[in-house]
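As a plain string of letters, each chain reads:
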Amino acid sequence: MNLKIALTKGRVEKQVIPLLEKAGIDCTQLRNKKRRLIFNSTSQPFEFILAKGPDVTTFLERGVVDIGIVGSDILTEHRNSQYELLDLQTGKCQFVLASTNDFDPDEPKRKIIGTKYPNITKDYFDTLGQDVEIIKIEGSVELAPLIGLTDAIVDITETGTTLRENNLKVFDYLNKVSTRVVVNRMALKQHPQEIFEFVDQLKKVVTEEKALS
Ligand SMILES: Nc1ncnc2c1ncn2[C@@H]1O[C@H](COP(=O)(O)OP(=O)(O)OP(=O)(O)O)[C@@H](O)[C@H]1O
Ligand SMILES: O=P(O)(O)OC[C@H]1O[C@H](OP(=O)(O)OP(=O)(O)O)[C@H](O)[C@@H]1O
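Residues numbered from 1 in each chain as written. Chains lettered and ligands numbered in written order. Predicted model: local features only at pLDDT ≥ 70, side-chain atom pairs only at ≥ 80, totals over all residues.

Student: Please clarify how the overall build of the chain should be interpreted in this entry.
Tutor: Of regular secondary structure, the chain possesses nine helices and eleven strands. Each of the three principal axes of the chain carries a C-alpha extent, and together these read 60 × 35 × 35 Å. Counting across all 213 residues of the chain, residues that qualify as buried make up 34%. Counted over contacts in the chain with a minimum sequence separation of 6, partners at least 24 positions apart contribute 70%. (Helix = DSSP H or I, 4+ residues; strand = E, 2+ residues; numbered from the N terminus. Buried ≥ 20, exposed ≤ 12 C-beta atoms within 10 Å, placed from the backbone. Contact = placed C-beta atoms within 7 Å.)

Student: Teacher, can you tell me more about the site of ligand 2 here?
Tutor: By nearness alone, every residue bordering ligand 2 is listed as Gly139, Ser140, Val141, Glu142, Asp155, Ile156, Thr157, Glu158, Thr159, Gly160, Thr161 and Thr162. Only β9 (152-157) and α7 (161-165) provide two or more residues apiece to the shell around ligand 2. Considering each element in turn, the shell around ligand 2 owes the most residues, three residues, to β9. Grouping the amino acids of the shell around ligand 2 by side-chain chemistry returns two nonpolar, seven polar and three charged. (Near = placed C-beta within 6 Å. Nonpolar A, V, L, I, M, F, W, Y, C, P; charged D, E, K, R; others polar.)

Student: Is there a simple way to think about the environment of Lys34 in this case?
Tutor: By secondary structure assignment, the location of Lys34 is in the loop between α2 (28-31) and β2 (38-40). By C-beta crowding, Lys34 is classed as exposed, having 4 other C-beta atoms within 10 Å. Sequence-wise, Lys34 and Asp155 are 121 residues apart; in three dimensions their C-alpha atoms are separated by 30 Å.

As structure tokens, then:
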């Protein structure tokens, strides 16, 4: 039986492929891909399906893949209810509340917040006991306070370059983010041995990488 593994394309995929290879999993097809979306590993019975993060959670929920490799930002935002088995310690970044210098987080008015992550943003302001208006932005979230669309943003930062280059300041730090291995509950019942073998292979590599850093 082939384990079906949905891998988030883009940043996540680029950082995860070297880990898979260190775990002895052949990724030649994945590395040499052009527009293909489904790949087999020649070394083991794995099928890799490349997809956008939110779709990885949909595939897991609907049980069409056994395993998903996806950022914890996406899992939290999409209220994932499957089992998280491993933190790969890659794709590390953090949510922040950011805005222009003149933003006053304590000003007693209903704020307008721009974000790609409305649920995470709502949860954050709920814990502060603040009711805010959220505007969903699809990309370049940093533009929102700069063009006067919102008072502030909740977005991911890694190096801080985008915030710095756009003269935005961090007003608060929220959840940290990293790439996780998640498994569909039913798949875990049906193929526990194959799934734990895959996760254990990766776990060893993550431990080795941690010892080296
Ligand atoms: N600096 C970062 N900015 C955004 N996401 C990051 C960053 N570092 C790691 N990540 C992780 O990578 C994932 C996003 O990857 P990527 O930017 O390739 O996809 P995307 O957000 O769909 O972007 P695009 O729409 O531009 O393709 C996030 O879900 C997060 O887990
Ligand atoms: O702190 P940094 O290292 O600068 O990284 C943070 C930036 O990266 C992400 O955007 P992405 O590159 O995914 O593009 P997007 O704005 O189109 O989503 C994120 O939304 C920030 O804009």
